[in-house]
Amino acid sequence: MKYQIFEEVGTERNAGSKAPLDVMNFAEEVGFKRLTFFKWGDRKLSKRISGQICRFFEYCICFFRLRRKSILLMQFPYVRGGRPWRKLFLEAATKIKGIKVITLIHDLNELRNIDAEYQSKLVRYSMGISSMVVVHNKKMAEYLFNNGLPMEKMVCLDVFDYATPLLPKQEFSFERSLIIAGNLASNKCGYLRDIDKIGGVSISLYGTNYDGIQNEHIKYHGGFSPDGLPTMISSGFGLVWDGDSISTCEGCFGTYLKYNNPHKFSLYIAAGIPVVAWKESAIAEFIEKNRVGILVSSLKEAAERIMAMEDDEYAHLKLNVLELAEKIRSGFYTKKALEEACERIKMP
């Protein structure tokens, strides 16, 4: 029997809610029965106390529902709330009922220097109690291997899937433009302070927390739901970039691209547009292999490459993107990784 614990993450307009929901739904399609935990996020003391009590009973009920020798999917990082009960539950489930845990990683926050000491301990604990770990790519696998996780316990996801209830427009018009989507906060996307310096291309921004430059070439379109956004963009290039500089990806968020698969990459592909990405990012190998974008060292180079590109070259990239988009929208990579993890757990 296969189960999954899904901890509700809210409905905010960002990948923080979209990615876990997609994994949950795609996992259900390959037989993982959902055990839903409610979100207890109120900061009032009375609500926090009642939330802890409720979480305790949720884990108790979950423990008794699990069949012996089953497989349990957990998504990481865990939603905050009920930490001691989660630890108690996982240890009891694995030791008493012989449950095999598959952990699918969304983010390694220690690499972004977010509560790094605690996150590092949490990663080591979660990886230790897991029978299999679904990591983003080879770079992340190497990082975890160097920190004590055996290679035989890891399966590479390759890329995040992205479900789209409404299909985006499939247009072949080539606009020499960059699309920037996601959390546009200055502490994460400091490079946006200098975005007007790259020259040539027009820029469209979609997301939250943007308070930067706007003019005839740089337009901010506001925030949209993760499901609705793919229908808003149909041409140009989606930008996969983070950090403080237009010259390279640097800082905690920029260098994190060396290890993770950005969810915004999947958004752009699901929307049907090619991407521009940092050539040193972990996703670069996948982009090159599937021929769905261009790799650059700086955003000035990106603008130059886009302005010099011929229509037929863009059309070729677009065709490759549309082929890949069918897989990403159907959950191909999530299902493949989970099925491989299950098969390897069953192996003697």
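One can find the structure itself at the top, above this paragraph.
Note that the structure is predicted; figures quoted are calculated from it, not measured. (Residues numbered from 1 in each chain as written. Predicted model: local features only at pLDDT ≥ 70, side-chain atom pairs only at ≥ 80, totals over all residues. Heavy atoms only, no water.)

**Focus: the nonpolar core**
Counting residues in each nonpolar core, the largest one holds 44 residues, and the members touching the most others are F32, I102, F265, Y268, I269 and L338. Among the nonpolar cores identified, the runner-up in size contains 34 residues, and F63, I99, V133 and L144 belong to it. (Core = buried A, V, L, I, M, F, W, Y, C linked by side-chain atoms within 4.5 Å. Buried < 20%, exposed > 50% of the residue type's maximum accessible area, 1.4 Å probe, protein only.)

**Topic: helix α7 (residues 263-271)**
For α7, the tally of buried residues reaches nine of nine residues, placing the bulk of the element in the interior. Along α7, the residues that are buried comprise H263, K264, F265, S266, L267, Y268, I269, A270 and A271. (Helix = DSSP H or I, 4+ residues; strand = E, 2+ residues; numbered from the N terminus.)

**Observations regarding the packing of aromatic side chains**
Taken as a whole and judged by the stated rule, the model has 14 aromatic pairs. Their ring planes at 85° and their centres at 5.3 Å tell us that F76 and Y78 sit as a pair that is edge-to-face. Since its relative accessible area comes to 9%, Y78 is described here as buried. Centroid distance F174 to Y314: 4.3 Å. Interplanar angle 10°. Geometry classified as stacked. Of the two residues, F174 sits in the loop between β6 (154-156) and β7 (177-183) while Y314 sits in helix α10 (residues 311-330), which places them 140 residues apart along the sequence. Looking at F174, the relative accessible area reads 14%, which means it is buried. On the accessibility criterion, Y314 (0% relative accessible area) is buried. (Phe/Tyr/Trp six-rings, centres within 6.5 Å; stacked < 30°, edge-to-face > 60°.)

**Overview of the pattern of salt bridges**
Counted under the stated rule, the structure contains 15 salt bridges. A salt bridge links R34 to E28; the shortest N-O distance between them is 3.3 Å. Taking the relative accessible area as the measure of exposure, R34 reaches 33% and is therefore partly exposed. Judged by relative accessible area, E28 falls into the partly exposed class, the value being 33%. Between E58 and R55 there is a salt bridge, with the nearest N and O atoms lying 2.7 Å from each other. Residue E58 and its partner R55 are located together in helix α2 (residues 45-65), separated by three residues, close to a single helical turn. By relative accessible area, E58 is classed as buried at 12%. (Salt bridge = Lys/Arg side-chain N within 4 Å of Asp/Glu carboxyl O.)

**Focus: the environment of D227**
Along the chain, D227 turns up in the loop between β9 (218-220) and β10 (237-240). In this structure, the C-alpha to C-alpha distance between D227 and A163, residues 64 residues apart in sequence, is 7.6 Å. Look past the residues within four positions of D227 in its chain and what remains in contact with it is K18, Y162, A163 and P165. A distance of 2.6 Å separates the side chain of D227 from the side chain of K18, its partner in a polar contact. (Contact = heavy atoms within 4.5 Å. Polar contact = N/O pair within 3.5 Å; in protein donor to acceptor, adjacent residues only side chain to side chain.)

**A short note on the sheet that holds β10**
The strand order across the open sheet built from six strands is β9-β8-β7-β10-β11-β12, with neighbouring strands paired in parallel fashion. Two strands in the sheet have a free side with no partner beyond their single neighbour: β9 and β12 (293-296). Looking at each pair of strands side by side, their axes are set apart by 25° on average, direction ignored. Bridge analysis of β7 against β10 gives two bridges, and the strand direction is parallel. (Pairing = 2+ DSSP bridges. Axes fitted to C-alpha atoms, helices over the stretch in contact; angles between N-to-C directions.)

**Comments concerning the sheet that holds β6**
Strand order in the open sheet formed by six strands is β2-β1-β3-β4-β5-β6, and the pairing between neighbours is parallel. Strands with a single pairing partner mark the edges of an open sheet, and in this sheet they are β2 (33-37) and β6. Averaged over neighbouring strand pairs, the angle between their axes works out to 25° when direction is ignored. As judged from the five bridges shared by strand β1 (residues 2-7) and β2, these two strands associate in the parallel manner. Across the sheet, the residue bridging to F6 is T36, located in β2. With respect to the sheet, helix α3 (residues 83-96) is in contact with β1, β3 (71-76) and β4 (100-105), its orientation differing from that of β3 by roughly 155°. The sheet contacts of helix α5 (residues 138-146) involve β4, β5 (132-135) and β6, and relative to β6 the element is tilted by about 160°.

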